Amino acid sequence: MLSHFSRYLSKGRTGIYTGWRDHFQAVGDCGKDSLILGGSSPARSIPLLNNDGVFRLHPQALVRQFNLDGHPNYAPFDILSIFNADAPFWFKEDGVVIGLDQSDFLFVILHEFIHGLGFYSEWKQHLSKDIITPDPTPFFLQQHINQYSHTNTMFPRHFIDGAMDRFLYLLDVKEDGSTYDSDDILPIGEITQHLNKIRAHTLTELVESSEFEVAVQMGKVATTRGTMGLHIEQYNHLVILETSMKPFHPGSSVSHVAYIQYTHSPDFLMRFMQERGMTLDDAIERGGGTGPIGPLLLCVFEQLGYSTINQPNNVPPLFGTKYEFINRNVKGLTVPSSKSRKKDNGRIESKSSIQMHPTTISLYFLFISCAVSFV
């Protein structure tokens, strides 16, 4: 299995802790016919200063590849993964044909490990099921500091994005929702900067601020098909993310590629759902690729900062190589002013982590489809 990664990623090793769990609850419109196959998360998310002057959370597996001058204390493992003990997994090594109701375990484990390597967004339901924001740890940490120090300090930043959010954009969609041809796309970081300008000492003040309305609107954006995507610089187009699920599905929405667009493409692997009765080799052949890691997914790895077979000496997108940790008690920590909206003059193709909260784990899930196959 690790050979699938070593073919593409050229540096370092990754420590993985895996476990099994039974009685996973079925979710979604498919009821009892929909199974969670597995979930994964970085063992630790580490804030680093990027070369655009913005702090973002990075998965430990990625940070270890940066070879920083000095580094934080790492967790014993880079990735935490859990798999459904009740799922009908198929193992190629058994030498039998996959059953119509089975799921290829190699497909599942590759998908989940890629989440642990950094394919996920911090934009999710941190505060409410109807509100989508980046990680609010800085805000809640300041609440704890004020509570125990008996002060009323206002921390200059309430939210923090993840590493992949650096190239996450909001898209314009036509009324029929069928095409994505706008040249005007908005970096999600601008929304984060907007939220961070809200002056609030309490959670009530934060959510009742008129400026916080954008987080409510993001709840609608994240459940409207074709509204969010990753800008791939090498090809100058967007990878459309999964925003068609209503209601928002934690662990599935936004942190996967759009199911419809990528089922028949080489970049099928990071859809939120896997077909029954289809092996990984079958999916590769159907998509016309040469392996499970498609060209767009490889570009995502490179933009995150991984060295790959195509870019063996990739330069990390950081502000220097010295480890800089966010000192959350320092006043005046600033972020550069918002950049203008990015213009993409090329055609826009239609194409799961322990947070800084010490006891919170957010897993990014893969489901098995309700039907036998979506071939």
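All values reported here derive from a predicted model rather than from experimental measurement. (Residues numbered from 1 in each chain as written. Predicted model: local features only at pLDDT ≥ 70, side-chain atom pairs only at ≥ 80, totals over all residues. Heavy atoms only, no water.)

Asks: I would appreciate a short explanation of the overall build of the protein chain in the present structure.
Replies: Each helix and strand in the protein chain was counted, giving ten helices and 17 strands. Counting every position in the protein chain, which comprises 375 residues, the buried fraction comes to 54%. Counting every atom, the protein chain has about 16900 Å² of accessible surface; 53% of that belongs to carbon and sulfur. (Helix = DSSP H or I, 4+ residues; strand = E, 2+ residues; numbered from the N terminus. Buried < 20%, exposed > 50% of the residue type's maximum accessible area, 1.4 Å probe, protein only. Areas by Shrake-Rupley, 256 points an atom, 1.4 Å probe, with all protein chains shown as cover.)

Asks: When you look at empty space enclosed by the protein in this model, what are you seeing that I'm missing?
Replies: Over the atoms a probe the size of a water molecule is rolled, and this reveals where empty space is left. Of the voids in this model, the largest cavity is the one considered here, and its volume is about 60 Å³. Forming the walls of the largest cavity are F119, V239, V257, P266, D267, L269, M270, P292, G294, L296, L297 and V300. By residue number, the principal contributor to the lining of the largest cavity is helix α10 (residues 295-304), which donates three residues. Each residue belonging to the lining of the largest cavity can be placed in one class, and the counts come to ten nonpolar, one polar and one charged. (1 Å grid on protein atoms, 1.4 Å probe; cavity = no way out; pocket = protein on both sides within 12 Å on 5 of 7 lines; lining within 4 Å. Points joined across faces, edges and corners; volume = space filled by probe spheres on them. Nonpolar A, V, L, I, M, F, W, Y, C, P; charged D, E, K, R; others polar.)

Asks: It is not clear to me how the side chain of N50 should be interpreted in this structure. Could you clarify?
Replies: The residue N50 is located in the loop between β3 (45-49) and β4 (55-59) in this model. By relative accessible area, which is 0% here, N50 ends up buried. A distance of 3.2 Å separates the side chain of N50 from the side chain of H58, its partner in a polar contact. Apart from the residues lying within four places of it in its own chain, the contact partners of N50 are R56, H58, R166, P317, L318 and F319. (Polar contact = N/O pair within 3.5 Å; in protein donor to acceptor, adjacent residues only side chain to side chain. Contact = heavy atoms within 4.5 Å.)

Asks: What am I meant to see in the sheet that holds β3 here?
Replies: Backbone hydrogen bonds hold the strands of a sheet together, and the pairing may be parallel or antiparallel. Taken in spatial order, the three strands line up as β3-β4-β10 in an open sheet, and their pairing is mixed. In this open sheet, the two edge strands, each paired with only one partner strand, are β3 and β10 (161-162). Sheet topology note: the β4/β10 ladder contains two bridges and is parallel. Following the sheet pairing, R56 is matched in β10 by D161. (Pairing = 2+ DSSP bridges.)

Asks: Please clarify how the pattern of salt bridges should be interpreted in this entry.
Replies: A pair can form between side chains of opposite charge whenever their charged atoms are brought close. Counted under the stated rule, the structure contains seven salt bridges. The salt bridge involving D52 is made with R56; its shortest N-O contact spans 2.9 Å. The exposure class assigned to R56 is buried, which follows from its relative accessible area of 5%. Connected via shared salt-bridge partners are R271, E275 and R286. (Salt bridge = Lys/Arg side-chain N within 4 Å of Asp/Glu carboxyl O.)

Asks: Even after reading the chapter, I still don't get helix α5 (residues 188-196), so can you show me in this structure?
Replies: Because each turn of an α-helix spans 3.6 residues, side chains separated by three or four positions in sequence point in the same direction. Counting buried residues along α5, eight of its nine residues qualify, which places the element largely inside the surrounding structure. Turning to α5, its buried residues are I188, G189, E190, I191, T192, Q193, L195 and N196.

Asks: Sorry if this is basic, but what is going on with the packing of aromatic side chains here?
Replies: What describes a pair of aromatic rings is the distance from one ring centre to the other and the angle between the planes of the rings. This structure, assessed with the given rule, holds seven aromatic pairs. Taken together, a centroid distance of 4.9 Å and an interplanar angle of 70° make the contact between F89 and F105 edge-to-face. Here F89, found in strand β6 (residues 89-90), pairs with F105, found in helix α3 (residues 105-117); they are 16 residues apart in sequence, far enough to count as distant. A relative accessible area of 11% means that F105 is categorised as buried. Summarising the aromatic geometry, the rings of F139 and F140 are spaced 5.7 Å apart at their centres and angled 80° between planes, so their arrangement reads as edge-to-face. When its relative accessible area of 25% is taken as the criterion, F140 is described as partly exposed. (Phe/Tyr/Trp six-rings, centres within 6.5 Å; stacked < 30°, edge-to-face > 60°.)

Asks: Is there a simple way to think about the nonpolar core in this case?
Replies: Nonpolar side chains in soluble globular proteins generally cluster together in the buried interior. Counting 74 residues, the largest nonpolar core has F119, L230 and L269 as its most contacted members. Broken down by element, this core gets its largest block of residues, eight residues, from α3. Look past the residues within four positions of L230 in its chain and what remains in contact with it is F119, M164, F167, L168, H237, L238, V239, L241 and V300. (Core = buried A, V, L, I, M, F, W, Y, C linked by side-chain atoms within 4.5 Å.)

Asks: Help me out: how do you make sense of the pairing of strand β14 (residues 237-240) in this one?
Replies: Looking along a regular strand, one sees the side chains alternate between the two faces of the sheet. Note: strand β13 (residues 228-232) against β14, four bridges, orientation antiparallel. The partner of H231 across the bridge, within β14, is L238. In this structure, the hairpin formed by β13 and β14 is closed by a connection of four residues, where N236 is found at a positive phi of approximately 55°.

Asks: Any chance you could explain the packing of α5 against helix α7 (residues 213-221) here in plain terms?
Replies: When two helices pack together, their arrangement is given by the angle between the helix axes and by the axis-to-axis distance. Contact geometry for α5 and α7: axes closest at 9 Å, N-to-C directions at 145°. Mapping the contact onto sequence places I188, I191, H194 and L195 in α5 and V214, A215 and M218 in α7. When the residues that make up the contact of α5 with α7 are grouped by side-chain class, the tally is six nonpolar, one polar and no charged. (Axes fitted to C-alpha atoms, helices over the stretch in contact; angles between N-to-C directions.)

Asks: I'm lost on the side chain of T137 in this one. Help?
Replies: Mapped onto the fold, T137 is located in helix α4 (residues 137-149). Classification of T137 by relative accessible area gives buried; the value is 6%.

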